[in-house]
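For reference, the chains in residue letters:
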Amino acid sequence: MDRNLTMLMDYYELTMANGYFKKGFKDTKVVFDMFYRKNPDNGGFVIFAGLEQFINYLLNMKFEDSDIEYLRSRNMFDEEFLKYLKNFKFTGDVYSVKEGEVVYPNTPLVTIVAPVCEAQLIETMLLLTINHQSLIATKANRIVRAARGKQVMEFGARRAHGYDAATLGSRACFIGGVDSTATVSADIAFGVKAVGTMAHSWIQFFDNEYEAFKAYAEIYPTNCVLLIDTYNVLESGIKNAIKVAKEVLMPKGYRLSGVRIDSGDLAYLSKKVRKKLDEAGLTDCKIVVSNSIDEYLLESLFSQGAKIDSFGVGERMITSKSEPVFGGVYKLSAVQENDAFIPKIKISENVEKVTNPGYKKLYRVYDENDMAIFDFIGLYDEEVNKSTKLVYPLKDYKFYHIEDKWSIKELQVCYVKDGKLIKKMPSLKEIRKYSEEELSKTWNEEKRFENPHIHFVDLTEKLYRVKKELIAKENDKSCI
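These figures come from a predicted structure and were not determined experimentally. (Residues numbered from 1 in each chain as written. Predicted model: local features only at pLDDT ≥ 70, side-chain atom pairs only at ≥ 80, totals over all residues. Heavy atoms only, no water.)

1. Notes on the sheet that holds strand E6 (residues 151-154)
Here is step 1: The strand order across the open sheet built from six strands is E7-E6-E11-E10-E9-E8, with neighbouring strands paired in parallel fashion. In the strand order of this sheet, the two ends are held by strand E7 (180-181) and strand E8 (225-227), each with one partner.
Here is step 2: In this fold helix H12 (residues 266-279) packs onto strand E9 (258-261) and strand E10 (286-289), with an angle of close to 155° to the strand it touches most, E9. (Pairing = 2+ DSSP bridges. Helix = DSSP H or I, 4+ residues; strand = E, 2+ residues; numbered from the N terminus. Contact = heavy atoms within 4.5 Å. Axes fitted to C-alpha atoms, helices over the stretch in contact; angles between N-to-C directions.)

2. Let's talk about the packing of aromatic side chains
Here is step 1: Summed over the entire model, instances satisfying the criterion amount to 21 aromatic pairs.
Here is step 2: Between Phe341 and Tyr380, the aromatic rings sit 5.8 Å apart at their centres with planes inclined by 90°, giving edge-to-face as the arrangement. Remark: Tyr380 occurs in the loop between strand E15 (372-379) and strand E16 (390-391) and Phe341 occurs in strand E13 (residues 340-343); sequence separation between them is 39 residues.
Here is step 3: Phe341 gets classed as buried once you look at its relative accessible area, which sits at 15%.
Here is step 4: By relative accessible area, Tyr380 is classed as partly exposed at 27%.
Here is step 5: Counting every residue linked through ring pairs, the aromatic cluster contains Tyr11, Phe21, Phe63, Phe77, Phe81, Tyr84 and Phe88.
Here is step 6: Its guanidinium or amino end placed over the ring of Phe190, Arg171 lies 5.8 Å from that ring's centre, counting from NZ or CZ. (Phe/Tyr/Trp six-rings, centres within 6.5 Å; stacked < 30°, edge-to-face > 60°. Buried < 20%, exposed > 50% of the residue type's maximum accessible area, 1.4 Å probe, protein only. Lys NZ or Arg CZ within 6 Å of the ring centre and 35° of its normal.)

3. Things to note about the nonpolar core
Here is step 1: If you look at the biggest cluster of nonpolar residues, it comprises 134 residues, and the most contacted ones within it are Leu85, Ile112, Ile228, Leu256, Val259, Val273 and Phe311.
Here is step 2: The element best represented in this core is helix H6 (residues 123-146), accounting for 11 residues.
Here is step 3: Here Val259 is in contact with Val225, Leu226, Ile228, Ile238, Ala241, Val273, Leu277, Cys285, Lys286, Ile287 and Val288, once residues within four sequence places are set aside.
Here is step 4: Residues Tyr363, Phe374, Leu390 and Trp406 belong to the second largest nonpolar core, which totals eight residues. (Core = buried A, V, L, I, M, F, W, Y, C linked by side-chain atoms within 4.5 Å.)

4. A closer look at a positive patch on the surface
Here is step 1: On the surface, Lys150, Lys271, Lys286 and Lys307 cluster together into a patch of positive charge.
Here is step 2: With respect to the helices, strands and loops of the structure, Lys150 is situated in the loop between H6 and E6.
Here is step 3: Under the relative-accessibility criterion, Lys150 is labelled partly exposed at 32%. (Patch = residues over 30% accessible without salt bridge, like charges linked within 9 Å, V, L, I, M, F, W, Y side chains within 5 Å. Areas by Shrake-Rupley, 256 points an atom, 1.4 Å probe, with all protein chains shown as cover. Salt bridge = Lys/Arg side-chain N within 4 Å of Asp/Glu carboxyl O. Lys, Arg positive; Asp, Glu negative; His and termini not counted. Charge placed at Lys NZ, Arg CZ, Asp CG, Glu CD.)

5. A closer look at helix H13 (residues 295-303)
Here is step 1: Residues Glu295, Leu298, Leu301 and Phe302 constitute the buried set of H13. Viewed end-on, H13 has its buried residues packed into an arc of 115°, placing them on one side of the element.
Here is step 2: Elements in contact with the buried residues of H13: H6, H12 and strand E11 (310-313).
Here is step 3: The opening residue of H13, the one whose side-chain oxygen lies 3.1 Å from the backbone nitrogen of Tyr296, is Asp294.
Here is step 4: At the exit of H13 stands Gly305, carrying a positive phi of roughly 75°. (Arc of directions from axis to C-beta. Polar contact = N/O pair within 3.5 Å; in protein donor to acceptor, adjacent residues only side chain to side chain.)

6. Remarks on the packing of helix H1 (residues 11-22) against helix H4 (residues 79-86)
Here is step 1: In the contact formed by H1 and H4, the axes pass within 10 Å of each other and the chain directions differ by 110°. By the angle between their directions, the pair H1 and H4 is classed as roughly perpendicular. For the crossing formed where H1 meets H4, the hand is right-handed. Contact residues: H1 offers Leu14, Ala17, Asn18 and Phe21, while H4 offers Glu80, Phe81, Tyr84 and Leu85.
Here is step 2: For the contact of H1 with H4, the residue count by class is six nonpolar, one polar and one charged. (Parallel < 35°, antiparallel > 145°, perpendicular 65-115°, else oblique. Left-handed = near helix turned anticlockwise from the far one by under 90°. Nonpolar A, V, L, I, M, F, W, Y, C, P; charged D, E, K, R; others polar.)

7. Focus: empty space enclosed by the protein
Here is step 1: Summed over the entire model, instances satisfying the criterion amount to one cavity of 30 Å³ or more.
Here is step 2: The space that makes up the largest cavity amounts to roughly 40 Å³.
Here is step 3: Surrounding the largest cavity, Gly43, Gly44, Phe45, Thr138, Arg142, Arg145, Glu446, Lys447, Arg448 and Phe449 form its lining.
Here is step 4: Each residue belonging to the lining of the largest cavity can be placed in one class, and the counts come to two nonpolar, three polar and five charged. (1 Å grid on protein atoms, 1.4 Å probe; cavity = no way out; pocket = protein on both sides within 12 Å on 5 of 7 lines; lining within 4 Å. Points joined across faces, edges and corners; volume = space filled by probe spheres on them.)

In short, shape yes, function no, at least from these values alone.
What follows is the structure, given as structure tokens:
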């Protein structure tokens, strides 16, 4: 985390910033929104994560002498611009939903209000950080919900897309509800409890399986979990585990904590192993399974009556293997002229890529039972109350109102003002707790893995009319 990551950016950010600088726009304030268009895995929502790492990056940006020399060597950048970079410091504002928040497509998650060069140079790192952790936190939450209250451990480091992805992925998994990790660096950096026992190589190292189990039990009698699938789960592994429990642990007053199965038919084997453990009087011994687990396999295991107490989940969570790309984007939405922010829009042949213009605010409406009903977006300077007219863009022939018994919550918080951190960043445990609270206010219908209920995102009438006017204006230009 101490590395200088300032130059982790796309080259076009530098060419554009240099262009703005040379044209005299260096101090022109703009508004950019970071949002996404589609929930991964066709899910009902996303768990927002990664804000702390982005803000740490933002407040510590510094172009080194070697960076300036590299840019000078490209013969594309103005010397005055390079001097500007040498003394660079972010001076803008950052508004964001809270980490752990339940969020939806096409809503502003992070809003940057800053001079245009500053706002442009941070694009890649903002997207990289938020996209990755939000994707993994969301996948982890799907798996945790599928586990039906059973413990889920993250075992994914060796399958992660690099060492940063392993450590930060563990952080995101914790936000999503995972209990612990096999990744030691995540425990050191973030306090996500590191756990682990043995690999198959431990058993292979000894002359036989019994001796391997015996040695481990003698060293770790208070937390002895034995891996029983190195050779044969039912004919060898479970028999030797029970033998060690009775001959090594129990005479010293200890119990066998658990057995782990890492291959084979997990439903069938877990039922057979549970039966053998119970018959041996080891009813308190837990069964742990791993091996390419995700939410769909978990649902299948439960439907088959699997006897499993906890799950070690690796590659399919740490890489979100079923959908490994989170499509967050960063788009210009307004440019300041005098004291006003002039709305800007991106229009596309793809309807889903048409942006919501203007400097905006995001709100959530809760019913009388504090359940989240829908979100809506309004312009930053419009007064919002229960009489505000709302439009759902796909049903723009109809206006909606907020009922008196419902409540309104503004979702974005100002974390950075004029380049200074003004709000304390929460601890990881606080983020996890907040996410759990917000999930409890989310309808079960939105939590379905198949065909979840669509959470509506409305626009205020004022914002909707601004959007329609800008679209009409651009259409008129194209007809000339």
